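# Survey of secondary and tertiary structure
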Amino acid sequence: MQIKINDTLRAYIEPLTESEYQALERSILTEGCRDALVLWEDVLVDGHNRYQICQEHGVPFKAIENTSFRSLEDVKLWMIDNNLGRRSISDYQRGVLALRKKEIMTARALELAAEAAAEDAKIAPPEDGDAPSKKPAAMPLASREDIARAARLSSATIGQIEKIQKTATPELVEAVRAGTISINAAATVASLPEEVQLAAVAGGKKELQKAAKEVRDLRAASRPAKEPKESKAAPAVDYGDIPMDVQELRSENAALREKNAALLEEITVLQRRLSELTSA
């Protein structure tokens, strides 16, 4: 069989880094191609890097056809779920894949609902007056929490990845993929104008961190101060000549509370993932 390459499918999953590709190549040359390639009829679905390495070095390989695929969307959903099950992909990649899954499932649910409505319109109501039963539609990932569970991430992280996809420059996205900047910081920098993002990326990790800090500080300073709750009068404390900017302290406290909540959510996700790894 002549295996065909679909450029859309080949580019659908994040490519390996150069070091990852070299490690895979060494493994195949040493141990052979242990995992079979997966095909949709004669189109390659899973194993593009293995196929390329085997072709270059004349290494034999096995290929199996998945007969459950009915459309390109079926293939993409399988690729997403297959990669979400892998432990080696980054959190950013997980989030991107889960968001892609949401798009496919939402579109599919709308199509099924439209088909069901069209069929019901052709069917006359039964004599007993009951409405005709509608064909159930596939349930999409309806909320950010659903997407987060699919990706095994926090809903806050999913929101940050959505923001990066919408407003980050390609250069900033590449910095996230490379691990130069965290998802949290990248989402913050993504709120800046494109030229500022480009300058931050060009400056490297320290400049990116500096840009993210400046945005956070500006946001904290612009938050209105909350009215203090009424409480029993506390004894006066003499701070001597130490200056104290109450507004600044309140802003810093609000920012620290926000960071603490995000960290607690991240810890919960990490504990869940650790539990999954230890039980595997």
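Here we summarise the structure given alongside this text.

Thresholds applied
- Residues numbered from 1 in each chain as written.
- Predicted model: local features only at pLDDT ≥ 70, side-chain atom pairs only at ≥ 80, totals over all residues.
- Heavy atoms only, no water.
- Helix = DSSP H or I, 4+ residues; strand = E, 2+ residues; numbered from the N terminus.
- Areas by Shrake-Rupley, 256 points an atom, 1.4 Å probe, with all protein chains shown as cover.
- Buried < 20%, exposed > 50% of the residue type's maximum accessible area, 1.4 Å probe, protein only.
- Contact = heavy atoms within 4.5 Å.
- Polar contact = N/O pair within 3.5 Å; in protein donor to acceptor, adjacent residues only side chain to side chain.
- Salt bridge = Lys/Arg side-chain N within 4 Å of Asp/Glu carboxyl O.
- Phe/Tyr/Trp six-rings, centres within 6.5 Å; stacked < 30°, edge-to-face > 60°.
- Lys NZ or Arg CZ within 6 Å of the ring centre and 35° of its normal.
- Arc of directions from axis to C-beta.
- Pairing = 2+ DSSP bridges.
- Axes fitted to C-alpha atoms, helices over the stretch in contact; angles between N-to-C directions.
- Parallel < 35°, antiparallel > 145°, perpendicular 65-115°, else oblique.
- Left-handed = near helix turned anticlockwise from the far one by under 90°.

Time to look at the overall build of the protein. Along the backbone of the protein there are 12 helices and three strands. For the protein, the accessible area works out to roughly 18,500 Å², and carbon and sulfur atoms hold 53% of it.

A separate point is the environment of Arg-219. For Arg-219, the position within the fold is in helix H11 (residues 205–222). Since its relative accessible area comes to 34%, Arg-219 is described here as partly exposed. Not counting chain neighbours up to four residues away, the residues in contact with Arg-219 comprise Lys-163, Thr-188 and Ser-191. A polar atom in the side chain of Arg-219 sits 3.3 Å from the side chain of Ser-191.

Turning our eyes to something else, we now look at the pattern of salt bridges. Applying the stated criterion to the full structure yields 11 salt bridges. Across the pair Asp-81 and Lys-101 runs a salt bridge whose closest N-O atoms are separated by 2.8 Å. With Asp-81 in helix H4 (residues 72–84) and Lys-101 in helix H5 (residues 91–122), this residue pair connects regions lying 20 residues apart in the sequence. For Asp-81, a relative accessible area of 38% gives the class partly exposed. The shortest N-O distance in the salt bridge between Asp-146 and Arg-149 comes to 2.5 Å. One end of the pair, Asp-146, and the other, Arg-149, are both in helix H6 (residues 144–151), three residues apart, so they sit about a helical turn from each other. Here the residues in one salt-bridge network are Glu-14, Glu-174 and Arg-177, joined through shared partners.

The next point concerns the packing of aromatic side chains. Tallying each qualifying case throughout the model produces two aromatic pairs. Their ring planes at 85° and their centres at 5.6 Å tell us that Tyr-51 and Phe-61 sit as a pair that is edge-to-face. Here Tyr-51 is found in helix H3 (residues 48–57), whereas its partner Phe-61 is found in the loop between H3 and strand S3 (63–65), with 10 residues between them in sequence. Exposure remark for Tyr-51: the relative accessible area of 12% places this residue in the buried category. Over the ring of Tyr-12 we find Arg-100, and its NZ or CZ is 4.8 Å from the ring centre.

Attention shifts here to the side chain of Gln-160. With respect to the helices and strands, Gln-160 occurs in helix H7 (residues 155–167). On the accessibility criterion, Gln-160 (17% relative accessible area) is buried. Residues within four places of Gln-160 in sequence aside, it is in contact with Ile-183, Asn-184 and Ala-187.

For helix H8 (residues 170–177), every residue scored as buried is listed here: Leu-172, Val-173, Ala-175 and Val-176. Here the buried residues of H8 occupy an arc of 155° about the axis, which is enough to place them on one side. Elements in contact with the buried residues of H8: H5, H7, helix H9 (183–189), helix H10 (194–202) and H11.

Taken together, the three strands give an open sheet; going across it, the order is S2-S1-S3, and neighbouring strands pair in mixed fashion. Bordering the open sheet on either side are strand S2 (43–46) and S3, each of which pairs with just one other strand. Neighbour-to-neighbour, the strand axes of the sheet open up by a mean angle of 40°, direction not taken into account. Sheet topology places strand S1 (residues 37–40) next to S3; three bridges connect them, and they run parallel. Bridging from a neighbouring strand, Val-38 pairs with Ile-64 of S3. Lying over the sheet, H3 contacts S1 and S2, oriented at roughly 120° with respect to S2. The strands touched by H4 within the sheet are S1 and S2, with S2 carrying the most contacts at an inclination of about 30°.

A few words now on the packing of helix H2 (residues 18–31) against H3. The geometry of H2 relative to H3 is characterised by a closest axis approach of 10 Å and an angle of 55° between their N-to-C directions. Taken as axis vectors, H2 and H3 run oblique relative to one another. The element H2 and its partner H3 pack so that their crossing is right-handed. Counted together, Tyr-21, Leu-24, Glu-25, Ile-28 and Leu-29 of H2 and Asn-49, Arg-50, Gln-52, Ile-53, Cys-54, Glu-56 and His-57 of H3 form the full contact between these two elements.

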